[in-house]
Amino acid sequence: MRSKGLLHVDTQIVVPFFDVDSMNVVWHGHYVKYLEVARCALLDRIGHNYNDMLESGHAWPIIDLQLRYVRSAVFGQTLTVRASLVEWENRLKINYLISDAATGERLTRASSVQVAVDMSRREMLLASPRVFVEAVERMLP
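Conventions used here
- Residues numbered from 1 in each chain as written.
- Predicted model: local features only at pLDDT ≥ 70, side-chain atom pairs only at ≥ 80, totals over all residues.
- Heavy atoms only, no water.
- Pairing = 2+ DSSP bridges.
- Helix = DSSP H or I, 4+ residues; strand = E, 2+ residues; numbered from the N terminus.
- Axes fitted to C-alpha atoms, helices over the stretch in contact; angles between N-to-C directions.
- Contact = heavy atoms within 4.5 Å.
- Buried < 20%, exposed > 50% of the residue type's maximum accessible area, 1.4 Å probe, protein only.
- Core = buried A, V, L, I, M, F, W, Y, C linked by side-chain atoms within 4.5 Å.
- Expected span 1.5 Å × (residues − 1).
- Phe/Tyr/Trp six-rings, centres within 6.5 Å; stacked < 30°, edge-to-face > 60°.

**Focus on the sheet that holds strand S1 (residues 7–14)**
And step 1. The antiparallel open sheet is built from 5 strands, whose spatial order is S1-S4-S5-S6-S3. Of all strands in the sheet, those with a lone pairing partner are S1 and strand S3 (62–69), marking the two edges. Geometrically, the sheet is characterised by an average inter-axis angle of 15 degrees between neighbouring strands, direction not taken into account.
And step 2. Running at roughly 135 degrees to S1, helix H1 (residues 30–46) makes contact with S1, S3, strand S4 (78–87), strand S5 (92–100) and strand S6 (106–114) of the sheet.

**Regarding the environment of Ala 38**
And step 1. Mapped onto the fold, Ala 38 is located in helix H1.
And step 2. For Ala 38, a relative accessible area of 0% corresponds to the buried category.
And step 3. Along the sequence, Ala 38 and Thr 11 sit 27 residues apart, while their C-alpha atoms lie 5.8 Å from each other.
And step 4. Apart from the residues lying within four places of it in its own chain, the contact partners of Ala 38 are Thr 11, Val 81 and Ala 83.

**Concerning the nonpolar core**
And step 1. Of all hydrophobic cores here, the largest spans 33 residues; its most connected members are Tyr 34, Leu 42, Ile 46, Leu 85, Leu 92 and Phe 132.
And step 2. The element that contributes the greatest number of residues to this core is H1, accounting for 7 residues.
And step 3. The contact partners of Tyr 34, leaving out residues within four places of it in the chain, are Ile 13, Val 15, Pro 16, Asp 19, Val 26, Leu 79, Val 81 and Ile 98.

**So, H1**
And step 1. Here H1 is 17 residues long and its end C-alpha atoms lie 25 Å apart, about the 24 Å a rise of 1.5 Å per residue gives.
And step 2. Of all the residues in H1, the buried ones are His 30, Tyr 31, Tyr 34, Leu 35, Ala 38, Arg 39, Leu 42, Leu 43 and Ile 46.
And step 3. Where H1 terminates, the next one or two residues include Gly 47, which has phi positive at roughly 90 degrees.

**Details of the packing of aromatic side chains**
And step 1. What the rule picks out here adds up to 4 aromatic pairs.
And step 2. Look at Tyr 31 and Tyr 69: their rings are 5.1 Å apart centre to centre, the planes differ by 70 degrees, and that puts the pair in the edge-to-face class. Of this pair, Tyr 31 sits in helix H1 while Tyr 69 sits in strand S3, and the two are 38 residues apart along the sequence.
And step 3. You can call Tyr 31 buried: its relative accessible area is 2%.
And step 4. Since its relative accessible area comes to 40%, Tyr 69 is described here as partly exposed.
And step 5. Through successive ring pairs, a cluster of aromatic residues spans Tyr 31, Tyr 34 and Tyr 69.

Structure, rendered in structure tokens:
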């Protein structure tokens with residue numbers, strides 16, 4: 001069973017013309033961009049976004065990304081992209097659900113995993129930086 005996460009953010013995206021191919025469906029690589037928009041919104045909600053991460057001396061590269069396509073999105077369709085925080089203490093894992101905003105029909109499921117890297121040493125950390133963990137914990141019920 002897929003974890004729903006403790007915090008989530010829903011983001012609306014209207015599929016632009018330049019994201020579709022000759023069959024009028026979103027080219028598969030553009031879904032990653034939609035995930036990034038939702039992930040940034042989730043980090044903003046947490047109060048520790050990519051700018052804050054860099055200021056604290058950390059980068060958060062993606063080390064794993066998985067997508068499962070169920071149905072294609074098309075030009076002009078309004079999508080809801082839900083980003084749900086699943087793990088944050090040792091790594092940042094986010095589950096995503098892309099659905100049709102009007103019907104709620106599931107189009108794509110995905111997940112991403114990121115790890116913190118100490119930029120001064122260019123070394124991967126085995127635990128998330130305390131400043132990030134504290135930002136998440138402030139948001140938990």
